[in-house]
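Descriptive structure summary
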Amino acid sequence: MIYIFTALYCEAEILIKHFDLKKVPECTCFQQFCNENADLRLTICGTGEIAAAAAVASVCTEYKPQKADFLLNIGICAGVQKREGIFLAHKLVEQATGKTFYPDLLYRHDFEEESLMTGRKPWMREETVTCEVNHYEMDRCGMNDCKKNDCRMNRCGMNDCKKNDCKINDCEMNDCEASLYDMEASAIYQSGSYFFGPHQMVFLKIISDNGDIFHIDLKQHTRKLMAEHRDKICGFIKQLSDVSGVLRQREEEVSQMEEQNETWIKQLCADMHCSMFMEHSVRQQIRYLALTGMDGKAAVQEMYTQGRLPCRDKREGKQCFEEFKNRLF
């Protein structure tokens, strides 16, 4: 299953149509769309870190993702540099705390990779924050009664900085060398880490603006960008779905193998006087061999033939355990 999260409906609309996703009527907190045959579940979480984290926790608690599943966050972002295009985030930075996170996709892709900062407010360039701030801009920075010079808070969130200090070269965006800026990704990662590994979480971002969000119709502009990159995004989702299917099949094969070999694995661990740690290690190595198509049973049988097994005590068991690993690898 691919669990897709978007902040806005206009980001999800083209995916809903392309993959024939149907709305899930039982979900009331967040809009959710699903196609069980395609193994896709899309959730619209809303903007901001709290909404994003809540949506991921809610969905994943209900459906309990497996090792073969993926979390995919797709959406628009601001570009610090004047660039265009779609990017895969290989580094996430939480602006409020400075914490960094590293999604680790293990599969080939055709996207350029960039770092991404997540903040609590929309990011704007210095030239956008002028002294002649209109009421709409005041609402965006959440300061209806602030002085005109205080709208610098839109930029870097520093209450005591001077107006000139909010230039882009002095902003946190430059300090962390982040090229992209959004309002959800780091929260989705942190919430998702309770259910997925770093190699199961993917973040795709399309640059929609360069800090001049007031000059565009955001919904229409987002629909246009999603349409432009539809083939690339949908092709990548199909690729993830195929990988998920292969992983799921292998998991089933390994589980069947483990069930069939459970008796001799238990006997092996008992004969080596394995501690709990050693037993977990033995099972992990046998599992790895099964995934690679190799058979470790022959190596174990040879140790029995040579009289190395069973061991007399834990000390001899540890030596045998090391020999077991060397024979396998």
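Just so it is clear, the model here is predicted, and its values are computed rather than measured.

1. Quick notes on the overall build of the protein chain
- Looking only at helices and strands, the protein chain has 11 helices and 10 strands in total.
- When burial is assessed residue by residue, the protein chain has 50% of its 329 residues classed as buried.
- Contacts in the protein chain between residues far apart in sequence, at least 24 positions, make up 72% of those at least 6 positions apart.
- Summed over its atoms, the accessible surface of the protein chain is roughly 17,500 Å², and 49% of this surface lies on carbon and sulfur atoms.

2. Re the packing of helix H9 (residues 276-292) against helix H11 (residues 314-328)
- As a packed pair, H9 and H11 sit with axes 11 Å apart at the nearest point and diverge in direction by 15 degrees. Taken together, the axis directions place H9 and H11 in an arrangement best described as roughly parallel. For the pair H9 and H11, the sense of crossing is left-handed. Contacts between H9 and H11 involve Met 278, Ser 281, Val 282, Gln 285, Ile 286 and Leu 289 on the former and, on the latter, Gly 317, Lys 318, Phe 321, Phe 324, Lys 325 and Leu 328.
- Residues of the contact of H9 with H11, tallied by class, amount to seven nonpolar, three polar and two charged.

3. A short note on the pairing of strand E4 (residues 40-44)
- Along E4, five of the five residues are buried, which leaves the element largely enclosed by surrounding structure.
- Here E4 shows no split at all, with Leu 40, Leu 42 and Ile 44 on one side and Arg 41 and Thr 43 on the other all buried.
- Sheet topology places strand E3 (residues 31-35) next to E4; five bridges connect them, and they run antiparallel. Following the sheet pairing, Cys 34 is matched in E4 by Arg 41.
- Between E3 and the antiparallel strand that follows it, E4, lie four residues; Asp 39 among them carries a positive phi value of about 60 degrees.

4. Some words on the side chain of Gln 200
- Turning to its location among the elements, Gln 200 is positioned in the loop between helix H6 (185-192) and strand E10 (201-209).
- Here Gln 66 takes part through its backbone oxygen, which lies 3.2 Å from a polar atom of the side chain of Gln 200.

5. What about the pairing of strand E1 (residues 2-6)?
- Burial runs high along E1: five of the five residues are buried.
- Alternating positions in E1 separate into two faces, Ile 2, Ile 4 and Thr 6 on one and Tyr 3 and Phe 5 on the other, with burial throughout.
- Bridge count between E1 and E4: five bridges; the pairing is parallel. The residue bridging Thr 6 from the neighbouring strand is Ile 44, located in E4.
- With four bridges joining them, E1 and strand E5 (residues 70-79) adopt parallel strand pairing.

6. Things to note about the confidence of the model for the protein chain
- This prediction gives the protein chain a mean pLDDT of 83; 84% of its residues lie at or above 70.
- Scored below 50 in pLDDT, residues 130-171 makes 73 contacts in the model with residues more than four places away or belonging to other chains.

7. Some thoughts on the layout of surface pockets
- There is about 450 Å³ of room inside the largest pocket.
- Forming the boundary of the largest pocket are 25 residues, of which Leu 8, Ile 76, Met 183, Ile 213 and Leu 218 lie nearest the centre.
- Looking at the lining of the largest pocket, the elements that each hand over two or more residues are helix H1 (9-18), E5, helix H3 (135-140), strand E9 (180-182), E10 and helix H7 (218-228).
- Here the second largest pocket defines a volume of roughly 340 Å³.
- Lining the second largest pocket are 14 residues, with Lys 67, Leu 247, Glu 251, Arg 287 and Leu 291 sitting closest to its centre.
- Listed by contribution, the elements that provide at least two residues to the lining of the second largest pocket are helix H8 (230-271) and H9.
- Per element, the largest residue contribution to the lining of the second largest pocket is four residues, and it comes from H9.
- Its residues assigned to classes, the lining of the second largest pocket comprises seven nonpolar, three polar and four charged.

8. Comments concerning the nonpolar core
- Ranked by size, the top nonpolar core spans 31 residues in total, and within it Ile 4, Leu 15, Leu 72, Ile 74 and Ile 237 carry the most contacts.
- Contributions of two or more residues to this core are made by E1, H1, E4, E5, strand E6 (86-94), E10, H7 and H8.
- With six residues, H8 is the single largest residue contributor to this core.
- The next biggest cluster of nonpolar side chains, apart from the first, holds 26 residues, and it includes Tyr 3, Phe 101, Ile 188 and Ile 207.

9. Some remarks on the environment of Met 272
- Looking at the secondary structure, you find Met 272 in the loop between H8 and H9.
- Taking C-alpha positions, Met 272 is 6.9 Å from Phe 321, a pair spaced 49 residues apart along the chain.
- With residues up to four places along the chain from it excluded, the contact list for Met 272 reads Met 278, Val 282, Leu 309, Cys 311, Gly 317, Cys 320 and Phe 321.

10. Some points on the environment of Gln 239
- For Gln 239, the position within the fold is in helix H8.
- Judged by relative accessible area, which is 30%, Gln 239 ranks as partly exposed.
- The spacing of Gln 239 and His 109 is 130 residues in sequence and 9.1 Å in space, taken between C-alpha atoms.
- Excluding residues that lie within four positions of it along the chain, Gln 239 makes contacts with Tyr 107 and Arg 108.

11. Some points on the packing of H8 against H9
- Between H8 and H9, the least distance of the axes is 10 Å, while the angle of their chain directions is 140 degrees. Taken together, H8 and H9 sit at an angle that is classed as oblique. Considering only the axes of H8 and H9, their crossing is right-handed. Contact residues: Arg 250, Glu 251, Val 254, Met 257, Glu 258, Glu 262, Trp 264, Ile 265, Lys 266, Leu 268 and Cys 269 in H8; Glu 279, Val 282, Arg 283, Ile 286, Arg 287, Ala 290 and Leu 291 in H9.
- For the contact of H8 with H9, the per-class residue count stands at 10 nonpolar, no polar and eight charged.

What counts and how
Residues numbered from 1 in each chain as written. Predicted model: local features only at pLDDT ≥ 70, side-chain atom pairs only at ≥ 80, totals over all residues. Heavy atoms only, no water. Helix = DSSP H or I, 4+ residues; strand = E, 2+ residues; numbered from the N terminus. Buried < 20%, exposed > 50% of the residue type's maximum accessible area, 1.4 Å probe, protein only. Contact = heavy atoms within 4.5 Å. Areas by Shrake-Rupley, 256 points an atom, 1.4 Å probe, with all protein chains shown as cover. Axes fitted to C-alpha atoms, helices over the stretch in contact; angles between N-to-C directions. Parallel < 35°, antiparallel > 145°, perpendicular 65-115°, else oblique. Left-handed = near helix turned anticlockwise from the far one by under 90°. Nonpolar A, V, L, I, M, F, W, Y, C, P; charged D, E, K, R; others polar. Pairing = 2+ DSSP bridges. Polar contact = N/O pair within 3.5 Å; in protein donor to acceptor, adjacent residues only side chain to side chain. pLDDT = per-residue confidence, 0-100. 1 Å grid on protein atoms, 1.4 Å probe; cavity = no way out; pocket = protein on both sides within 12 Å on 5 of 7 lines; lining within 4 Å. Points joined across faces, edges and corners; volume = space filled by probe spheres on them. Core = buried A, V, L, I, M, F, W, Y, C linked by side-chain atoms within 4.5 Å.

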